[in-house]
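# Geometric and topological summary
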Amino acid sequence: MKDSSSRDSSTSDNAAPKVKPEPKPLPRLWPLQSLLGEVVNDATEAHNARRNNEPRGPITGLKSLDREIGGAIPKDALTMILGNTGAGKTAFAGQICAHCACPAVYLTTEMAPVELLRRHTARTTTTLLGKLKSGELMPEQVSELVGETVRQLDHLSIIDGTTAYAPIRYLLEVMETVKADAKHAVLVIDSLHTWARGSGVNLSEYEALNDHLTGLGRLAKQARCSVLIICEQSRAAMDGGGVNSGAGSRFIEYSADLVLDLKAEKGIKGSGEKSVTLTLAKNRHGAAGKPLELEFNGALQRFREAEK
């Protein structure tokens, strides 16, 4: 007969008691009357912003795009950026961060932060990107150019997700700290698929993408910030693009307020630019399906509206 002292340690008097998981919060019931104050507060905010000529969220810096999406990037919501190869998705998101007029955080999971800073420097100082890496410029010149960029973009921070995974709870803490008392803030995820793959969780791509998108949706509401997400396109949709072209999960388009689809034309013009059509594939704040014609200069990492 076994001595009682030899029983499994998990049942011993010294074993830590099992902790019951906290119940998940339930959704709130809103009688219509209780929503009246919310609507009036929003109307007051909109009126004051219009009267003072202030955007109600982060701006993109492209006037036609801002106008089509209701004046600014939606707050507390997700915006998807899709595009074919060479359309300049990273440059597009970076330019928005530069012009958003609020604190911005860029999570990079593919490109080194130093390279992103070079690209910002190319656009900000109108210096060819190749010159910043070729050795043509004296170190003092590079220091001056990069220093000027850092001064102009003092509202922007970069999270290096190339060396370690950034969990949702960490991103939420960062956004709450960076935003502080600001009215608006922007978080960019570049890219959704690489970030989700880096989590190390044993899930299918479909499950991992959905989990990460759900987390980002909650983060946007908790931190009251705009989240821009660069997505991979499926191979079948590379040429056609569109709202359903995100690879791996249909939740990509369903979870977003905006889906911006960039399609680059082949060939570079004498000006060094290529034509890129930006289509508002989904737009909960205006008309969907409208194309906007842009010009993208890869050497300067700069988008501009095409001349009509």
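Model, not experiment: these values are computed from the prediction.

What follows covers the overall build of the protein chain. Looking only at helices and strands, the protein chain features ten helices and nine strands. Residue pairs in contact within the protein chain that sit at least 24 positions apart in sequence constitute 66% of those at least 6 positions apart. Carbon and sulfur atoms make up 53% of the accessible area of the protein chain, which amounts to about 17,700 Å² in all.

Applying the stated rule across the entire model yields one cavity of 30 Å³ or more. Counted as a void, the largest cavity has a volume near 60 Å³. Elements that contribute at least two residues to the lining of the largest cavity include exactly α3 (89-99) and α4 (113-125). Here the lining of the largest cavity is composed, by residue class, of three nonpolar, five polar and two charged.

Before going further, it helps to spend a moment on the confidence of the model for the protein chain. With 89% of its residues at a pLDDT of 70 or more, the protein chain has an overall mean of 90. For residues 4-12, every residue scores under 50 in pLDDT, and the model assigns this stretch four contacts once sequence neighbours within four places are set aside.

Conventions and cut-offs
- Residues numbered from 1 in each chain as written.
- Predicted model: local features only at pLDDT ≥ 70, side-chain atom pairs only at ≥ 80, totals over all residues.
- Heavy atoms only, no water.
- Helix = DSSP H or I, 4+ residues; strand = E, 2+ residues; numbered from the N terminus.
- Contact = heavy atoms within 4.5 Å.
- Areas by Shrake-Rupley, 256 points an atom, 1.4 Å probe, with all protein chains shown as cover.
- 1 Å grid on protein atoms, 1.4 Å probe; cavity = no way out; pocket = protein on both sides within 12 Å on 5 of 7 lines; lining within 4 Å.
- Points joined across faces, edges and corners; volume = space filled by probe spheres on them.
- Nonpolar A, V, L, I, M, F, W, Y, C, P; charged D, E, K, R; others polar.
- pLDDT = per-residue confidence, 0-100.

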